[in-house]
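# Notes for the structure review
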Amino acid sequence: LRAEILDGSGEVASALDALARGGVSAQPVVVHPDFYLEWSVVLLMHGQQAEALRVVRAGERAAPGNRELLLAEALADSLLGQFPAALSTLAHIEKQWPEWSRLYLAKGAVLADSGNYPGAMGALKIAATMGPEMGPAACYLTSTLLRKQSVSLKDVSGTAADLLRL
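Residues numbered from 1 in each chain as written. Predicted model: local features only at pLDDT ≥ 70, side-chain atom pairs only at ≥ 80, totals over all residues. Heavy atoms only, no water.

### Regarding the nonpolar core
With 19 residues, the main nonpolar core has L71, L90, I93, W100, L103 and L105 as its most contacted residues. Among the secondary structure elements, those contributing two or more residues to this core are helix 5 (67–79), helix 6 (83–96), helix 7 (101–113), helix 8 (117–130) and helix 9 (134–148). Ranked by residue count, the leading element in this core is helix 7, at six residues. Formed by 16 residues, the second largest nonpolar core is a distinct cluster that contains L37, A52, L53 and A58. (Core = buried A, V, L, I, M, F, W, Y, C linked by side-chain atoms within 4.5 Å. Buried < 20%, exposed > 50% of the residue type's maximum accessible area, 1.4 Å probe, protein only. Helix = DSSP H or I, 4+ residues; strand = E, 2+ residues; numbered from the N terminus.)

### Details of helix 3 (residues 33–45)
Along its 13 residues, helix 3 runs 18 Å from first to last C-alpha, staying within 8% of the 18 Å computed at 1.5 Å per residue. Taken across its 13 residues, helix 3 has 10 buried, putting it largely inside the fold. The set of residues buried in helix 3 consists of P33, F35, Y36, L37, W39, S40, V41, V42, L43 and L44. With its phi angle positive at about 70 degrees, G47 sits one or two positions after the end of helix 3. (Expected span 1.5 Å × (residues − 1).)

### Quick look at the packing of aromatic side chains
Each aromatic ring pair is described using two quantities: the centre-to-centre distance and the angle formed by the ring planes. Applying the stated criterion across every chain, the model contains two aromatic pairs. Relative to Y36, the ring of F35 has its centre 5.2 Å away and its plane inclined at 85 degrees; by these criteria the two rings are edge-to-face. For the pair formed by F35 and Y36, the shared burial category is buried. Arranged with centres 5.6 Å apart and planes meeting at 70 degrees, the rings of F35 and W39 form a pair that is edge-to-face. On the criterion of helical spacing, the pair formed by F35 and W39 is a turn pair, its members being four residues apart in helix 3. With relative accessibility at 18%, the residue F35 sits in the buried group. Judged by relative accessible area, which is 3%, W39 ranks as buried. Following the ring pairs from residue to residue traces out a cluster consisting of F35, Y36 and W39. (Phe/Tyr/Trp six-rings, centres within 6.5 Å; stacked < 30°, edge-to-face > 60°.)

### As for the packing of helix 3 against helix 4 (residues 49–62)
Here helix 3 crosses helix 4 at 170 degrees, and the two axes come no closer than 8 Å. The pairing of helix 3 with helix 4 is recorded here as roughly antiparallel in orientation. Residues Y36, W39, S40, L43 and L44 of helix 3 form the contact with helix 4, whose participating residues are Q49, E51, A52, V55, V56, A58, G59 and A62. Of the residues in the contact of helix 3 with helix 4, the class split is nine nonpolar, three polar and one charged. (Axes fitted to C-alpha atoms, helices over the stretch in contact; angles between N-to-C directions. Parallel < 35°, antiparallel > 145°, perpendicular 65-115°, else oblique. Contact = heavy atoms within 4.5 Å. Nonpolar A, V, L, I, M, F, W, Y, C, P; charged D, E, K, R; others polar.)

### Focus: the pattern of salt bridges
Counted according to the given criterion, the structure contains five salt bridges. In this structure, D77 engages R57 in a salt bridge whose closest nitrogen and oxygen atoms are separated by 3.7 Å. Of this pair, D77 sits in helix 5 while R57 sits in helix 4, and the two are 20 residues apart along the sequence. For R57, a relative accessible area of 35% translates into the label partly exposed. Across the salt bridge formed by E94 and K107, the nearest N and O atoms sit 3.0 Å from each other. With E94 in helix 6 and K107 in helix 7, this pair connects stretches of sequence that are 13 residues apart. The structure contains a network of salt bridges with shared partners spanning R57, E73 and D77. (Salt bridge = Lys/Arg side-chain N within 4 Å of Asp/Glu carboxyl O.)

Below you can see the structure in the form of structure tokens.
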């Protein structure tokens, strides 16, 4: 919570320091998946994808099989240009939770990032039809995709973090 308050007030360095003191490298005191997820969101929002991936993987060790953390891993991999790894993680999530609408929104973003625009459009269409909360987000990404004929999570500031917060 302290890190979120610091981040919200623009004190990014202090927020990251507060999170680091929470301890990922040591045995974590807080093992709830939300701790790792929030930490990774802050890191992604500030362009620290490699560190976010490290935090997410630590969270997965603490809470194996958590779909939120797996999604965060896929998005961090995509931001690092590791598209095969991102798509592999998304495929794993899809096998486990095919009904999860946020998965298809993230899949659309990752496919667009990798240059597979037809695949991205298909995934975004699925996301838009799965639930009312997905409609606006999928429409936003779809319109961006159509406008630019390409979209990158790096170009759409905060998109990765937004996907994790839906």
